[in-house]
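If you want the building blocks of each chain, they are given just below.
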Amino acid sequence: MFGFRKKKGDPDKPSAESQPAASQPSDAPSADGESPPAAPESRPGAAPAADAPEQPATSTRSGLFGRMRAGLSRTRESFSRGVADVLLGEKQLDTTSLEEVETQLLLADVGVEATQQIVGGLTERLSRRELEAGRGALEALRAEMLALLQPVEQPLVIPPAPRPFVILVVGVNGAGKTTTIGKLARRYRDEGLSVMLAAGDTFRAAAVEQLQQWGERNEVPVIAQRTGADSAAVVFDALQVARSRGVDVLIADTAGRLHTQSNLMAELAKVKRVMARIDADAPHETLLVLDAGNGQNALSQARQFAEAIGVTGIALTKLDGTARGGIIFAIARALGLPVRFVGVGEGAEDLRGFSAEAYVGGLLDGFDSAA
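Residues numbered from 1 in each chain as written. Predicted model: local features only at pLDDT ≥ 70, side-chain atom pairs only at ≥ 80, totals over all residues. Heavy atoms only, no water.

Asker: Which parts of the structure should I look at to understand the overall build of the protein chain?
Answerer: If you tally the helices and strands in the protein chain, you get 12 helices and nine strands. A total of 371 residues make up the protein chain; the buried ones form 52% of that total. Of the roughly 16200 Å² of accessible surface on the protein chain, a fraction of 48% belongs to carbon and sulfur atoms. (Helix = DSSP H or I, 4+ residues; strand = E, 2+ residues; numbered from the N terminus. Buried < 20%, exposed > 50% of the residue type's maximum accessible area, 1.4 Å probe, protein only. Areas by Shrake-Rupley, 256 points an atom, 1.4 Å probe, with all protein chains shown as cover.)

Here it is as structure tokens:
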């Protein structure tokens, strides 16, 4: 069944030129094709209003699954519908049926290893006569998919200490780093945490300005220097300022780089070294942002970044714009890195904490209604 073919000077000496950025509001879209959200009315670090009505648990769950399903609509239509047609449409399942499932998984960028695990599990059930066409088969597929994703469902929880908790955000250009940082800032601010941003992407034109827009709209301070400044110096100074102000969370942007450019990857290692002068454990999270639309290349990026700088979590973005949402299974199977967030839309609320149940449900729920 599995017939696969196979600026010169002291490199670690930070400057002290950075300062809180003062930016003007702008409605220009970011490099990721998304405009920053409208400015919130609450003050920085303010907790949600005490008299806000609580949402019932069932309503919250329904909203989570509904948004996930909508965000995964392209993957759902290209992959899940094909799989459902096989599992629900056959009167009796056999190895040929599972070969068709295998093909659909590969076309959705689930990857060879993950596909082997999923189809292998279904094959074992078939051999034990535990796999029959219809809803039972779809539930068996759900169980196999959940078995792959649940181990990497590890939310990023900000602990009471240290302060600041430092999140270093890395990834290639176009993956959605700046947008993800803006949404994270909004998320943590709405949770009542004080947030500061460090504009460490000093290479790309307008990157600093875009982060400043997010900072202003979210009412969080941004530490920045001019374009072309030393990225490590910006992050170093931001960490000093955040510490002196008692900031809860510092989120540091970095220049987008190709995972194949060893010299640029070395710059990330430098950023981590200079932070260690202030806090030996910083960064406390190295979050890799991946564009789901890159398919198997996203897996290659994850491998290279993990080897070069020690990635501790992944944010998988732009799932609403691609039919390649299956790549999350390939990453989970090959690397086992924690998946912290998934991006399923343009709104700030569409950067969701990753839930394996919600993700698989977004792909499969509803197809068995006619079975």
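The structure having been displayed, the exposition proceeds.
Asker: Would you explain the pairing of strand 8 (residues 339–343) in this entry?
Answerer: The side chains of a regular strand alternate between the sheet's two faces. The buried count for strand 8 comes to five of five residues, which makes it a mostly enclosed element. In this structure, strand 7 (residues 313–317) lies alongside strand 8, joined through three bridges in parallel fashion. Across the sheet, the residue bridging to isoleucine 314 is valine 339, located in strand 8. For the crossover from strand 7 across helix 11 (residues 327–334) to strand 8, the handedness is right-handed. Across three bridges, strand 8 lies against strand 9 (residues 351–353) in antiparallel orientation. Of the residues in strand 9, the one forming a bridge with phenylalanine 341 is glycine 353. (Pairing = 2+ DSSP bridges. Right-handed = clockwise from strand over helix to strand, strands pointing away.)

Asker: I keep staring at the environment of tyrosine 359 and nothing clicks. Help me out?
Answerer: Mapped onto the elements, tyrosine 359 comes out in helix 12 (residues 356–364). Residue tyrosine 359 is classed as buried on the basis of its relative accessible area, which comes to 0%. Taking the C-alpha atoms as reference, tyrosine 359 lies 9.8 Å from isoleucine 328; in sequence the two are 31 residues apart. If we ignore the near neighbours within four places in the chain, the residues touching tyrosine 359 are Met68, Leu72, Leu149, Leu319, Gly325, Ile328, Phe329, Val342 and Phe354. (Contact = heavy atoms within 4.5 Å.)

Asker: What's the story with the confidence of the model for the protein chain in this structure? I'm lost.
Answerer: In low-pLDDT segments, the atomic positions of the prediction should not be examined closely. A residue-level look at the protein chain finds 79% of positions with pLDDT of 70 or above and a mean pLDDT of 82. Scored below 50 in pLDDT, residues 13–60 shows 90 contacts in the model against residues more than four places distant or in partner chains. (pLDDT = per-residue confidence, 0-100.)

Asker: Sorry, what's going on with the packing of aromatic side chains here?
Answerer: Pairs of aromatic rings are described using the distance from one ring centre to the other and the angle between the two planes. Using the criterion set out here, one finds two aromatic pairs in the structure. Pairing phenylalanine 329 with tyrosine 359 gives two aromatic rings, centres 6.4 Å apart and planes at 70°, and the pair type is edge-to-face. Of this pair, phenylalanine 329 sits in helix 11 while tyrosine 359 is found in helix 12, placing the two residues 30 residues apart along the sequence. Residues phenylalanine 329 and tyrosine 359 agree in their burial class; the two are buried. Where phenylalanine 354 meets tyrosine 359, the ring centres are 5.8 Å apart and the plane angle is 65°; that geometry is what we call edge-to-face. For the pair phenylalanine 354 and tyrosine 359, one class covers both residues: buried. (Phe/Tyr/Trp six-rings, centres within 6.5 Å; stacked < 30°, edge-to-face > 60°.)

Asker: When you look at helix 4 (residues 112–127) in this model, what are you seeing that I'm missing?
Answerer: Every α-helix winds through 3.6 residues per turn, so residues three or four apart in the chain are directed the same way. For helix 4, which comprises 16 residues, the first-to-last C-alpha distance of 22 Å matches the rise-based estimate of 22 Å (1.5 Å per residue) to within 8%. Looking at the buried positions of helix 4, the neighbouring elements they touch are helix 3 (95–107), helix 5 (135–149) and helix 11. Immediately beyond the C-terminal end of helix 4, within one or two residues, lies arginine 129, with a positive phi of roughly 60°. (Expected span 1.5 Å × (residues − 1).)

Asker: Even after reading the chapter, I still don't get the pattern of salt bridges, so can you show me in this structure?
Answerer: Where charged atoms from two side chains of opposite charge come close, those side chains can pair. The tally for this structure, following the rule as stated, stands at 15 salt bridges. Aspartate 201 serves as the salt-bridge partner of arginine 204, at 3.6 Å between the closest nitrogen and oxygen. Among the residues examined, aspartate 201 registers a relative accessible area of 1% and is labelled buried. Salt bridges sharing partners connect three or more residues here, namely Glu124, Arg128 and Glu130. (Salt bridge = Lys/Arg side-chain N within 4 Å of Asp/Glu carboxyl O.)

Asker: I'm lost on unusual backbone geometry in this one. Help?
Answerer: Apart from glycine, the bulk of residues carry a negative phi angle, and the bulk of peptide bonds sit in the trans form. Looking along the chain, the bond that leaves alanine 161 and enters proline 162 is cis, with omega of 5°. With respect to the helices, strands and loops of the structure, proline 162 is situated in the loop between helix 5 and strand 2 (165–170). Looking along the chain, the bond that leaves alanine 282 and enters proline 283 is cis, with omega of -5°. For arginine 129, which is not a glycine, the phi torsion comes out positive at approximately 60°. Here arginine 129 lies in the loop between helix 4 and helix 5.

Asker: Which parts of the structure should I look at to understand the packing of helix 5 against helix 11?
Answerer: Any two packed helices are characterised by the angle at which their axes cross and by the distance between the axes. Contact geometry for helix 5 and helix 11: axes closest at 8 Å, N-to-C directions at 55°. In terms of orientation, helix 5 and helix 11 fall into the oblique class. Taking contact as the criterion, the partners of Met145, Leu148 and Leu149 in helix 5 are, on helix 11, Ile328, Phe329, Ala332 and Arg333. Here the contact of helix 5 with helix 11 is composed, by residue class, of six nonpolar, no polar and one charged. (Axes fitted to C-alpha atoms, helices over the stretch in contact; angles between N-to-C directions. Parallel < 35°, antiparallel > 145°, perpendicular 65-115°, else oblique. Nonpolar A, V, L, I, M, F, W, Y, C, P; charged D, E, K, R; others polar.)

Asker: Help me understand the environment of proline 160 in this model?
Answerer: With respect to the helices and strands, proline 160 occurs in the loop between helix 5 and strand 2. Sequence separation of proline 160 and aspartate 248 is 88 residues, and the distance between their C-alpha atoms is 8.6 Å.

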